[in-house]
Structures are given as structure tokens and as C-alpha cells.
Amino acid sequence: MSEDVRLVAWVRGRVQGVGFRWFTRARALELGGLSGFALNLDDGRVQVVAEGPRERCEGLLDWLQGDDTPGRVDGVTEIWDTPRGGYDGFAVR
């Protein structure tokens, strides 16, 4: 059985105004078993918080770092932590 983790990722590049948060939510739902959110930050980045099985969080991170995202991703900074809970599904904020 896989351990549950918390992934917090900050995505830099042209990631606002291109549907990035909505596509991130769709990818999280497609992977299944993830809860959390995607949020536009004032500095132009998108913050993604995902909790769930490690391999699914890693799958979401791989997608965030890949070439299949909307807009243009220049880089992703991530931290890993223990889940905090409290999310109902995966939201766009």
C-alpha cells in the first residue's frame, strides 16, 4: 500500500490566463485519489497543492514539469510533506 503525501508545487512561466488551473484539476481528477487545489498567485505563478498516494502526486508533478501543459512552464519548485487533510476533492481557487 502506498503512503499518502502532500505535494506543494509552485509553477513559473506563462501559466496564468491560459486555463492552467483547470487543466491541472482535470489531470488530478484523471490520476484519481488526489485532493487539493490550484491557485493563481499575485506574482504570476500557480501554486498546486495535492494530497494522496505518492505515485499519483509524482504523476501530477511529472505532468506539471512536462510539455503537455497549457501555456509555458519555465520551472517548478516543489516540497513534500505529510498530508494535512481538509480538502474536499480538487478545487480551482
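Structure: above.
Residues numbered from 1 in each chain as written. Predicted model: local features only at pLDDT ≥ 70, side-chain atom pairs only at ≥ 80, totals over all residues. Heavy atoms only, no water.

Visitor: I would appreciate a short explanation of the overall build of the protein chain in the present structure.
Guide: Secondary structure assignment for the protein chain yields two helices and five strands. Listing the helices and strands of the protein chain from first to last along the sequence gives β-α-β-β-α-β-β. By the compact-globule yardstick of 12 Å for 93 residues, the protein chain fits well, its C-alpha radius of gyration being 12 Å. Dimensions of the protein chain, computed from C-alpha atoms along their principal axes, come out at roughly 35 × 25 × 20 Å. (Helix = DSSP H or I, 4+ residues; strand = E, 2+ residues; numbered from the N terminus. Rg over C-alpha atoms; globule rule 2.2 N^0.38 Å.)

Visitor: How should the pattern of salt bridges be read in this particular structure?
Guide: Side chains that carry opposite charge are capable of pairing whenever their charged atoms lie near each other. Within the structure shown, the criterion is met by seven salt bridges. In this structure, Glu 51 engages Arg 6 in a salt bridge whose closest nitrogen and oxygen atoms are separated by 2.7 Å. Placement of Glu 51 in strand β3 (residues 46–53) and of Arg 6 in strand β1 (residues 4–14) is noted, with a sequence separation of 45 residues between them. Residue class for Glu 51 comes out buried when judged on its relative accessible area of 5%. (Salt bridge = Lys/Arg side-chain N within 4 Å of Asp/Glu carboxyl O. Buried < 20%, exposed > 50% of the residue type's maximum accessible area, 1.4 Å probe, protein only.)

Visitor: Can you walk me through the sheet that holds strand β4 (residues 72–81) in this structure?
Guide: Strand pairing within a sheet occurs via backbone hydrogen bonds; the two strands may be parallel or antiparallel. Read across the sheet, five strands follow the order β4-β1-β3-β2-β5 without closing on themselves; strand pairing throughout is mixed. The sheet terminates laterally at β4 and β5 (90–92), the two strands that pair on one side only. The mean angle between the axes of side-by-side strands here comes to 15°, regardless of whether they run parallel or antiparallel. Where β1 meets β4, nine bridges bridge the pair, whose relative direction is antiparallel. For Val 8, the partnering residue across the bridge sits in β4 and is Ile 79. Along the sheet, helix α1 (residues 20–31) makes contact with β1, β2 (35–40), β3, β4 and β5, crossing β5 at roughly 170°. The sheet strands contacting helix α2 (residues 54–65) are β1, β3 and β4, and the helix crosses β3 at an angle near 155°. (Pairing = 2+ DSSP bridges. Axes fitted to C-alpha atoms, helices over the stretch in contact; angles between N-to-C directions. Contact = heavy atoms within 4.5 Å.)

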